[in-house]
Amino acid sequence: MTATRYSLVPHPGSPAANVRSVAFELVDRLDDLLLRVVIAGQEHVRFPEIRAPGRVDGLWKTTCFELFLNPVGSDGYLEFNFSPSTEWAAYRFDGYRAGMRDFDIGAPPIIERAKPYAIEVALDRSATPAVTCTMALSAVIEEIDGTKSYWALAHAPGAPDFHNRDCFIATLPAVERP
């Protein structure tokens, strides 16, 4: 198993003050996806307090990491939010910001703050579509001085919008079972 590294870029309208880069390392381990987030300038990031793991809405209001999956050929997509607090959220959409509802992922993700990573997330692969998906990775970074920056693989014109299909530029291959 090898990790694929994805470097995110900050939205031009919300530059970081002290964070120099944000990257995801993704390892598809057959039974789960392992996502590791690496931040250069991590000592400047405001991390939420660690809480009991559980589903919580509104995680994007502070430092949060996101995974979006769109099954190829479908208008619908999934959104996963992972907080350094160990809280998480998962949503299903019928189309662009339409038909949002909680997505039952079965086994909750395991989220840890594990140096040198900002966080490490193990997401049960059964929570992801079994088909090839276009993928977007993104992050909201709040710094200690209050600066918020919005990072993604790519950005559409206008305000930060991680749901925009212009952000879905990576591919997560279909699950291959032996």
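Relevant structure appears above.
Within any chain, residue numbers begin from 1 and follow the written order of that chain's sequence. Only residues with pLDDT of at least 70 are given local features in this predicted model, and only at 80 or more are side-chain atom pairs given and counted; all residues enter the totals for whole chains, interfaces and linings. Excluded from the side-chain calculations are hydrogens and water; all other atoms, namely the structure's heavy atoms, are used.

Caption draft 1: The pattern of salt bridges, seen in detail. Any Lys or Arg side-chain nitrogen found within 4 Å of a carboxyl oxygen on Asp or Glu counts as a salt bridge. Following the criterion strictly, the structure yields 10 salt bridges and no others. One salt bridge connects arginine 55 with aspartate 102, and the closest N-O pair in it is separated by 3.8 Å. Within this pair, whereas arginine 55 is found in strand β4 (residues 54–55), its partner aspartate 102 is found in strand β8 (residues 101–102), the two being separated by 47 residues in sequence. Among the salt bridges present, the one from aspartate 161 reaches arginine 97, with a minimum N-O distance of 2.8 Å. With a gap of 64 residues between them, aspartate 161 in the loop between β12 (148–152) and β13 (170–172) and arginine 97 in the loop between β7 (87–93) and β8 connect regions that are remote in the sequence. Numbering goes from the N terminus for both helices and strands, where a helix is a DSSP run of H or I of at least four residues and a strand is a run of E of at least two.

Caption draft 2: The side chain of serine 14, seen in detail. Topologically, serine 14 is positioned in the loop between β1 (4–10) and β2 (21–28). Only protein chains enter the accessibility calculation, which uses a 1.4 Å probe; a residue is then buried when its area is under 20% of its type maximum, exposed when over 50%, and partly exposed in between. Given the relative accessible area of 10%, serine 14 is considered buried. Filtering out sequence-adjacent residues up to four positions away, serine 14 remains in contact with Lys148, Ser149, Tyr150 and Pro160. In what follows, residue pairs with any heavy atoms lying within 4.5 Å of each other are defined as contacts.

Caption draft 3: Broad picture of unusual backbone geometry. Note the cis peptide between lysine 115 and proline 116, where omega equals 10°. With respect to the element layout, proline 116 can be found in the loop between β9 (110–112) and β10 (119–124). If you check the backbone angles, threonine 86 has positive phi at about 85° while not being a glycine. Turning to its location among the elements, threonine 86 is positioned in the loop between β6 (77–82) and β7. The exposure class of threonine 86 is buried, given its relative accessible area of 8%.

Caption draft 4: Expanded view of the pairing of strand β11 (residues 133–142). Along β11, nine of the 10 residues are buried, which leaves the element largely enclosed by surrounding structure. The pairing of strand β5 (residues 64–71) with β11 spans eight bridges and is classified as antiparallel. Among the inter-strand pairings, leucine 69 is bridged to a residue of β11, identified as methionine 135. Relative to β13, β11 runs antiparallel, the two sharing three bridges. Bridge pairing in β13 links methionine 135 to alanine 170. Where β11 lies against β12, five bridges are found, and the strand directions are antiparallel. Bridging across to β12, alanine 139 finds its partner in tryptophan 151. In this analysis, strands are considered paired if DSSP registers two or more bridges between them. Taking the residues between adjacent antiparallel strands as the criterion, β11 and β12 are bridged by five residues, where glycine 146 takes a positive phi near 95°.

Caption draft 5: The arrangement of the packing of aromatic side chains in detail. In this scheme Phe, Tyr and Trp rings, the latter by its six-membered ring, pair at centre separations within 6.5 Å, and the angle between planes marks the pair as stacked below 30 degrees, edge-to-face above 60, and tilted otherwise. The final tally for this structure, using the stated rule, is eight aromatic pairs. Both rings, one in phenylalanine 80 and one in phenylalanine 82, keep their centres 6.3 Å apart while their planes meet at 5°; by these two values the pair is stacked. Judged by its relative accessible area of 1%, phenylalanine 80 is buried. Judged by relative accessible area, which is 2%, phenylalanine 82 ranks as buried. Between the aromatic rings of tyrosine 150 and phenylalanine 162, the centroid separation amounts to 6.5 Å while the plane-to-plane angle is 50°, which identifies the pairing as tilted. Residue tyrosine 150 is located in strand β12, and its partner phenylalanine 162 is located in the loop between β12 and β13; the two are separated by 12 residues in the primary sequence. Given the relative accessible area of 25%, tyrosine 150 is considered partly exposed.

Caption draft 6: Summary view of the environment of alanine 130. Locating alanine 130 in the fold gives a position in the loop between β10 and β11. For alanine 130 and glutamate 176, which are 46 residues apart along the polypeptide, the C-alpha to C-alpha distance reads 8.2 Å. Not counting the four nearest positions on each side in its chain, alanine 130 is found in contact with Ala174 and Val175.

Any functional reading would require information that these geometric values do not contain.
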